[in-house]
Amino acid sequence: MTLHLYDTYERSLRPFEPIQAGMAGLYACGPTVYDYAHIGNLRTYLFVDGLRRVLEFNGLQVRHVMNITDVGHLTSDADSGDDKVEAKSARSGKSAWDIAAEFTAAFESDLRQLNILPPTVWCRATGHIAEQIAFIRDLEGKGYTYRTADGIYFDTTRQDSYGRLARLNRDGLQAGKRVDLGDKRDICDFALWKFSGLPGQRQMEWDSPWGLGFPGWHIECSAMAEKHLGAYFDIHCGGEDHVAVHHSNEIAQTEARHGTRLANFWLHGAFLKTQDAKMSKSSGDFLRLQSLVGQGVDPLAYRYLCLGAHYRSSLNFSDQALLAAASGLARLRASVHGLGEAGDEPDAAWLARFAAQINDDLNFPRALAVAWELLKSALPDGVKKATMLRFDTALGLDLLNWQPLAVAVPQQVLAWMEERAIARAQRRWSDADGLRAQAREAGYEIEDTPQGQQARPIS
């Protein structure tokens, strides 16, 4: 069964064939570590994790590279403003290095709570300065750069193909520009290396052939992706907000240096929205995963919520939607746990049905529907359990390790359960219903499961 993915570069659904048989190189744009990730950011990383899991479901060995942007990401995409990490340092009184370390650790914690697989390679921008300088020197040698008062810039007018990923209308951009270009020659040109100003004015700065400074945001990903995956690899992905600027600039740099578009496939996840507006830090609509945890929400309920919408469709977040997802996850966990041991092989026909959905551009909503159908099927419980656990290698809901909370049930309720079991065996249904009602009045719900009666407190 062939995996098909929607390639933003070609604007079409294409069959995925790895460049190297049995292997897949995957680069995902990671966070700029000046603040906590919000749940909108984390939706993108859940999409990337789903992609990786589907690649592995199809038998591929994935080399997954994710960067940490700890320098060079300015407050404006127009290469102006403060460095986000340095600006946070100035406000907090902590060093830029400590800021980056603190929010990197917080981000990694978020990934663990969401059961997101860690990348094969973590790479920090500050750990790859030499590679970035070498990249810029190559671009300089090929005539793609020019110097301004504040840095070294990439000349996008040298490329007729610039902006193809975003289908940019360059003429329209020029006609409608309302920004001060400064020394830039073209509105689309971007910084490769920024000068520091006075020595020591910045905490993060390095010597270079052009003077003391720091790398631009876009050169970082091109250089790190090339080092860890090569100049042309399988898949590059990120949020849809990266299409017009960041990813277009990555492609421009690599085309100039190597003649490739860096990745064979470019995949982009849609925004999480609140009341139909994009969630972002700048808007003040900033909801952390820990905020949900503090309200008693299981982080995997948020994962379940995201599985219910296709990654290329915007998802509206609300408390009601999250509660519904938490309820759905609870029912799924209880159903799978109630199947007992997975003593048999997964069912091939059901696996094929599930694979058909996830291989159709990661259609997890339909894949979840297949999982629910399986649970209602007439298959033996052991086969169901084995099949569901195989599904879960793609879903990432950690169904194998979930256990119901151990509840201390009062002796009186246990006695009613024993009486009820006898009444049911003797088909005295009215008496059995009466005993259940007594337990309910005492605050406990008696449930019939494949493992027998169970009692839980009524919340």
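This write-up is about the structure you can find in this document. (Residues numbered from 1 in each chain as written. Predicted model: local features only at pLDDT ≥ 70, side-chain atom pairs only at ≥ 80, totals over all residues. Heavy atoms only, no water.)

Some points on the packing of aromatic side chains
Then step 1. Summed over all chains, the structure comprises twelve aromatic pairs.
Then step 2. With 4.9 Å between their ring centres and 85° between their planes, Tyr 36 and Phe 103 make a pair best called edge-to-face. Residue Tyr 36 is located in the loop between strand E3 (23-28) and helix H1 (39-57), and its partner Phe 103 is located in helix H3 (residues 96-113); the two are separated by 67 residues in the primary sequence.
Then step 3. Relative accessible area serves as the criterion here: at 4%, Phe 103 is assigned to the buried category.
Then step 4. An aromatic cluster of three or more residues is present, and its members are Tyr 45, Phe 107 and Trp 122.
Then step 5. Over the ring of Tyr 146 we find Arg 185, and its NZ or CZ is 4.0 Å from the ring centre. (Phe/Tyr/Trp six-rings, centres within 6.5 Å; stacked < 30°, edge-to-face > 60°. Helix = DSSP H or I, 4+ residues; strand = E, 2+ residues; numbered from the N terminus. Buried < 20%, exposed > 50% of the residue type's maximum accessible area, 1.4 Å probe, protein only. Lys NZ or Arg CZ within 6 Å of the ring centre and 35° of its normal.)

Here's the deal with the packing of helix H4 (residues 129-141) against helix H6 (residues 217-229)
Then step 1. Interaxial distance between H4 and H6 falls to 9 Å at its minimum, and their mutual angle equals 105°. On the basis of the axis angle, H4 is roughly perpendicular to H6. Here H4 contributes Glu 131, Gln 132, Phe 135, Ile 136 and Leu 139 to the contact with H6, which in turn contributes Ile 219, Glu 220, Ser 222, Ala 223, Glu 226 and Lys 227.
Then step 2. Grouping the constituent residues of the contact of H4 with H6 by class yields five nonpolar, two polar and four charged. (Axes fitted to C-alpha atoms, helices over the stretch in contact; angles between N-to-C directions. Parallel < 35°, antiparallel > 145°, perpendicular 65-115°, else oblique. Contact = heavy atoms within 4.5 Å. Nonpolar A, V, L, I, M, F, W, Y, C, P; charged D, E, K, R; others polar.)

As for the pairing of strand E11 (residues 263-269)
Then step 1. Judged by how many residues are buried, E11 sits mostly within the fold: seven of seven residues are covered.
Then step 2. Taken together, the six bridges between strand E10 (residues 233-239) and E11 define a ladder with parallel strand orientation. In the sheet register, Phe 233 faces E11, and the bridge partner there is Ala 263.
Then step 3. Between E10 and its parallel partner E11, the chain crosses via helix H7 (residues 243-258), and the hand of that crossover is right-handed. (Pairing = 2+ DSSP bridges. Right-handed = clockwise from strand over helix to strand, strands pointing away.)

Looking at unusual backbone geometry
Then step 1. One non-glycine residue, Arg 167, lies in positive phi territory at about 55°.
Then step 2. With respect to the element layout, Arg 167 can be found in the loop between strand E7 (151-154) and helix H5 (170-176).
Then step 3. With a phi close to 55°, Asp 398 is a non-glycine residue in the positive phi region.
Then step 4. Inspection of the secondary structure assignment puts Asp 398 in the loop between helix H13 (381-395) and helix H14 (411-425).

Quick word on helix H15 (residues 429-441)
Then step 1. The terminal C-alpha atoms of H15, which comprises 13 residues, lie 18 Å apart, in line with the 18 Å expected from a rise of 1.5 Å per residue.
Then step 2. Burial in H15 covers these residues: Ala 432, Leu 435 and Ala 439. Viewed along the axis of H15, the buried residues span an arc of 60°, placing them on a single side of the element. Exposed residues on H15 whose side chains face more than 90 degrees from its buried face are Ser 430 and Glu 441. (Expected span 1.5 Å × (residues − 1). Arc of directions from axis to C-beta.)

Quick notes on the sheet that holds strand E5 (residues 121-124)
Then step 1. One open sheet holds the five strands; their spatial order is E5-E4-E3-E10-E11, and the pairing between them is parallel. Either end of the sheet is taken by a strand with one partner, and the two such strands are E5 and E11. Each strand axis lies, on average, 20° off the axis of its neighbour in the sheet, ignoring direction.
Then step 2. Bridge count between E3 and strand E4 (residues 61-68): six bridges; the pairing is parallel.

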